[in-house]
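An overview of the molecular structure
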Amino acid sequence: MIQLAFSTNAYTKHSLAESCERIAAAGYRAVEILADVPHAYPGPELAATGKRLAERVRSLGLAVVAMNANTLMGYWKPFPKELTFEPSLITRDDAQRNARILLVEAVMAHAHTFGAPVVTITTGQPLSGEPPAVLRERLLEGLERLVRAADLTGTELAIETEPGQFIETSAALKELLDEVDHPRLGANLDVGHAVCMGEDPADSVRLLGRRLKHLHLEDIKDRRHYHLIPGLGDMDFASVRRALDEVGYSRAAAVELYTYADEPDRAAREAFAALSPLFLP
């Protein structure tokens, strides 16, 4: 059975507890938590309140199916405040790259507290103009550290493809995962991102197959990278669901609608109405 979840990234104006209350009220029984302010940024405050927050989320009948570590680093102590861009796993500067790895490791530790089986990440934007081989080597070094952390925390790590990132297609992600080939490392397929890159997301599901550890859902119109409520774009969610059944996927599918921060309740309700007939028993 696939768990239909909603991401807190639509609720940027609400605390984690209030976000989860609203997500539960919209009908969901699962949530993906963005490790951001005001939700679950991995700083001292979360270290002090994480267990209480996790109990509150569970009391609402919500399973935490993932934590999203694609978060801003401005509150992270090792982060150099003067930078105007987000360090990533492929950033040139060693200290900045290390800060990103430390942040992801911290999110993985908190994922254990919340009972989230998987943490999602992206690979970073290739801003430096350096050769792809150099960027790939950095990425592989970072992933080597992160899979060790995954083993220690008992969590899994799922790489999300995204337009403009170093790894932006399902084919490139499969190649990377085949190279690393670690049981705790897999794919987070964002079906809208796949469409933006000219892919048929059902084919992307089949390509990634057993490597799939998580799923993001949203609609897309005319291949423009702008997340829409399901039903407002061109996505064939039924074909995606059939492909998921073909590969035996039985994890979570989280709706990501950060573009509706001014009306997250409507987005959550309408997405649930559109997707529950396909993704709930």
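Structure report, in brief. For clarity, every value in this text was computed on a predicted model and none was experimentally measured. (Residues numbered from 1 in each chain as written. Predicted model: local features only at pLDDT ≥ 70, side-chain atom pairs only at ≥ 80, totals over all residues. Heavy atoms only, no water.)

**What about the sheet that holds strand β7 (residues 212–217)?**
The strand order around the closed barrel built from eight strands is β1-β2-β3-β4-β5-β6-β7-β8, with neighbouring strands paired in parallel fashion. For this sheet the average axis-to-axis angle between neighbouring strands, irrespective of direction, equals 30°. Judged from the four bridges that link them, strand β1 (residues 3–7) and strand β8 (residues 252–255) form a sheet pairing that is parallel. Bridged to Q3 within β8 is A252. Contacting β4 (118–121), β5 (156–160) and β6 (185–190), helix α4 (residues 132–153) crosses the sheet at an angle of about 145° to β5. (Pairing = 2+ DSSP bridges. Helix = DSSP H or I, 4+ residues; strand = E, 2+ residues; numbered from the N terminus. Axes fitted to C-alpha atoms, helices over the stretch in contact; angles between N-to-C directions. Contact = heavy atoms within 4.5 Å.)

**Re the environment of I229**
Along the chain, the position of I229 falls in the loop between β7 and α8 (237–247). Sequence-wise, I229 and D190 are 39 residues apart; in three dimensions their C-alpha atoms are separated by 14 Å. If we skip the residues at most four places from it in the chain, I229 touches D219, L257, Y260, R266, A267, E270 and A271.

**Quick word on helix α7 (residues 201–208)**
Those residues of α7 that sit buried are P201, A202, S204, V205 and L208. One side of α7 holds all its buried residues, which, seen down the axis, span an arc of 160°. Looking at the buried side of α7, the elements it contacts are α5 (170–180), β6, α6 (191–196), β7 and α8. Its side-chain oxygen 2.9 Å from the backbone nitrogen of A202, D200 forms the N-cap of α7. Looking one or two places after α7, you find G209, whose phi comes out positive at around 45°. (Buried < 20%, exposed > 50% of the residue type's maximum accessible area, 1.4 Å probe, protein only. Arc of directions from axis to C-beta. Polar contact = N/O pair within 3.5 Å; in protein donor to acceptor, adjacent residues only side chain to side chain.)

**Focus: the pattern of salt bridges**
The tally for this structure, following the rule as stated, stands at 22 salt bridges. With its nearest N and O atoms 3.0 Å apart, the salt bridge here joins E179 to R136. In this pair, E179 sits in helix α5 while R136 sits in helix α4, placing the two residues 43 residues apart along the sequence. With a relative accessible area of 46%, E179 lands in the partly exposed category. Notably, a salt bridge pairs R206 with D203, separated by 3.0 Å at the nearest N-O pair. Of this pair, R206 and D203 are both found in helix α7, three residues apart, which corresponds to roughly one turn of the helix. Among the residues examined, R206 registers a relative accessible area of 37% and is labelled partly exposed. (Salt bridge = Lys/Arg side-chain N within 4 Å of Asp/Glu carboxyl O.)

**Digging into the packing of aromatic side chains**
By the definition in use, this model includes three aromatic pairs. An aromatic cluster of three or more residues is present, and its members are F6, Y11, Y28 and F272. (Phe/Tyr/Trp six-rings, centres within 6.5 Å; stacked < 30°, edge-to-face > 60°.)

**A closer look at α4**
For α4, with 22 residues, the first-to-last C-alpha span of 31 Å sits near the 32 Å given by 1.5 Å per residue. In this fold, the buried residues of α4 make contact with α3 (94–114), β4, β5, α5 and β6. Immediately beyond the C-terminal end of α4, within one or two residues, lies G154, with a positive phi of roughly 75°. (Expected span 1.5 Å × (residues − 1).)

**Let's talk about unusual backbone geometry**
Positioned with a positive phi, D181 is a non-glycine residue whose angle comes to about 50°. Mapped onto the fold, D181 is located in the loop between α5 and β6. Even without glycine at this site, D222 takes up a positive phi of about 55°. One can find D222 in the loop between β7 and α8. Judged by its relative accessible area of 62%, D222 is exposed.

**Section: the packing of α3 against α4**
In the contact formed by α3 and α4, the axes pass within 10 Å of each other and the chain directions differ by 25°. As the angle between them shows, α3 and α4 are arranged roughly parallel. Along this stretch, α3 crosses α4, giving a crossing that reads as right-handed. Contacts from R97, N98, I101, L102, V104, E105, M108, A109 and H112 of α3 reach α4 at R138, G142, R145, L146, A149, A150 and T153. Here the contact of α3 with α4 is built from residues that sort into eight nonpolar, four polar and four charged. (Parallel < 35°, antiparallel > 145°, perpendicular 65-115°, else oblique. Left-handed = near helix turned anticlockwise from the far one by under 90°. Nonpolar A, V, L, I, M, F, W, Y, C, P; charged D, E, K, R; others polar.)

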